[in-house]
Amino acid sequence: MYRLLSKRWFDRRHCKFASESTIVDWKNFSRDLCGEHFSRHPVVIGGPGHIVEIDESAWTKRKYNRGRLVSNQWVFVGIDRDTRECFAVLVDQRDAATLLPIIHQYIRAGTTIYSDQWAAYNGIANGPGPDRYNHQTVNHSVNFVDPTTSTHTQNIENLWMCMKRKKKNQMGQHVTLLGTHLTEYMWRQRFGDRPFENLVRAIQEKYVVQ
């Protein structure tokens, strides 16, 4: 009887591990598909008449040299107030040389950009010709909403909260998976009404049946 019960316990435990492994594999496969989709159809948000809020935030800590040196992993994001589409990019630095090219890559010319007064954003409105943006700021050390222009970044603050809550619900995730986590969130923002249906389409696009 003991051997029989032990075998049943082992079988259930084995099935549990197998099912958990299958779920992890499926999630990783799905996130890889999301990444491939965005490589073929890059995210570009905003445009004339649109407002895009931008911000950067420290998400996790990385350890080097057996844990002796710790530094932040920064994430730079932007969200279109109208379409709700967003971009999220891992960055090592928060300087103008890093952030301004990302802005030009992901935000259409003619967009009105709202941000805080981080120094790296000072050159946003100085782009030549068609790369020019309308840039407005809010001083968060004084106000959440600028009393004169009504500029605020409350949409992006809500975006941070949602993204970090989802990451926490998924047991934190290892730092190496942070990029795929951000890709999945971008996917859900783009296909918020039908994320699974569009995932199936992405599978069909990749695995074309001859």
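Residues numbered from 1 in each chain as written. Predicted model: local features only at pLDDT ≥ 70, side-chain atom pairs only at ≥ 80, totals over all residues. Heavy atoms only, no water.

Per an unreviewed UniProt entry, the protein chain goes by ISXO2-like transposase domain-containing protein and derives from Rotaria socialis.

**A closer look at the overall build of the protein chain**
Going by this rule: Elements are defined by DSSP. Helices are runs of H or I of four residues or more, strands are runs of E of two residues or more, and each kind is numbered from the N terminus. The classification of residues rests on relative accessible area computed with a 1.4 Å probe and restricted to protein chains. Under 20% of the type maximum is buried, over 50% is exposed, and intermediate values are partly exposed. Note on areas: these come from Shrake-Rupley sampling with a 1.4 Å probe, and a residue is covered only by the protein chains present in the view.
When helices and strands are tallied, the protein chain shows five helices and five strands. For the protein chain, the residues scored as buried account for 36% of the 210 residues in total. Approximately 13000 Å² of the protein chain is accessible, and the part contributed by carbon and sulfur atoms is 54%.

**Quick word on unusual backbone geometry**
Although it is not a glycine, Arg84 adopts a positive phi angle of roughly 70°. Locating Arg84 in the fold gives a position in the loop between strand S2 (69-80) and strand S3 (86-91). Of note, Ser150 is a non-glycine position whose phi angle comes to about 65°, a positive value. Locating Ser150 in the fold gives a position in the loop between strand S5 (134-137) and helix H3 (154-169).

**So, the packing of aromatic side chains**
Ring pairs (aromatic) are described by centroid distance and by the angle formed between their planes. Just so we agree on the cut-off: Each Phe, Tyr or Trp ring (for Trp, its six-membered ring) is paired with any other whose centre lies within 6.5 Å, and the angle between the two planes then decides the class: stacked below 30 degrees, edge-to-face above 60, tilted in between.
Taken as a whole and judged by the stated rule, the model has three aromatic pairs. Both rings, one in Phe76 and one in Phe87, keep their centres 5.7 Å apart while their planes meet at 65°; by these two values the pair is edge-to-face. One end of the pair, Phe76, is in strand S2; the other, Phe87, is in strand S3, and 11 residues separate them in sequence. Among the residues examined, Phe76 registers a relative accessible area of 0% and is labelled buried. Residue Phe87 is classed as buried on the basis of its relative accessible area, which comes to 0%. Between Phe87 and Tyr106 the ring centres are 4.9 Å apart and the planes differ by 20°, which places this aromatic pair in the stacked class.

**Re the pattern of salt bridges**
Rules: Each reported salt bridge corresponds to a side-chain nitrogen of Lys or Arg within 4 Å of a carboxyl oxygen of Asp or Glu.
Going through the model one piece at a time under the given rule, you end up with four salt bridges. With a shortest N-O distance of 2.9 Å, Arg94 and Glu56 are connected by a salt bridge. Highlighted residues: Arg94 in the loop between S3 and helix H2 (96-106) and Glu56 in strand S1 (residues 51-64), separated in sequence by 38 residues. Classification of Arg94 as partly exposed rests on a relative accessible area of 22%. A salt bridge links Arg190 to Glu85; the shortest N-O distance between them is 2.9 Å. Of this pair, Arg190 sits in helix H4 (residues 178-190) while Glu85 sits in the loop between S2 and S3, and the two are 105 residues apart along the sequence.

**Brief notes about the side chain of Thr112**
So the rule is basically this: Here a polar contact is recorded for every N or O atom pair within 3.5 Å, except that within protein the pair must consist of a potential hydrogen donor and a potential acceptor, and residues adjacent in sequence are included only if both atoms are side-chain atoms. Residues count as neighbours in contact if any of their non-hydrogen atoms are within 4.5 Å of one another.
Tracing the backbone shows Thr112 in strand S4 (residues 112-115). Residue class for Thr112 comes out buried when judged on its relative accessible area of 16%. There is a polar contact of 3.3 Å between the side chain of Thr112 and the side chain of Asn134. Once residues lying within four places of it in the same chain are set aside, the contact partners of Thr112 are His50, Ile51, Val52, Asn134 and Gln136.

**Thoughts on the pairing of S4**
This is how it is decided: Here a strand pair is declared whenever DSSP counts at least two bridges between the two strands.
A two-sided burial pattern is seen for S4, the buried positions comprising Thr112 and Tyr114 on one face and Ile113 and Ser115 on the other. In this sheet, S5 lies alongside S4 in parallel orientation, the contact comprising four bridges. The partner of Thr112 across the bridge, within S5, is Asn134.

**What to know about H4**
The test is simple: What a helix is expected to span follows from its residue count: subtract one and scale by 1.5 Å.
In this model, H4 (13 residues) spans 19 Å end to end at C-alpha, consistent with the 18 Å of a helix rising 1.5 Å per residue. Among the residues making up H4, those that are buried are Leu178, His181, Leu182, Thr183, Glu184, Tyr185, Met186 and Trp187.

**Regarding the nonpolar core**
Our working definition: Nonpolar cores were defined as sets of buried Ala, Val, Leu, Ile, Met, Phe, Trp, Tyr and Cys residues, with membership established by side-chain atoms within 4.5 Å.
Among the nonpolar cores identified, the biggest contains 41 residues, and Ile54, Phe76, Phe87, Ile103 and Ile107 are the most heavily contacted of them. Apart from the residues lying within four places of it in its own chain, the contact partners of Ile54 are Phe76, Val77, Gly78, Phe87, Ile103, Ile107, Ile113, Tyr114, Ser115, Tyr121, Ile124 and Ile156.

**Focus: the environment of Ala125**
Within the element layout of this structure, Ala125 appears in the loop between S4 and S5. When the C-alpha positions of Ala125 and Thr112 are compared, they lie 9.5 Å apart, and in sequence the two are 13 residues distant. Excluding residues within four positions of it along the chain, Ala125 makes contact with Arg132, Tyr133 and His135.

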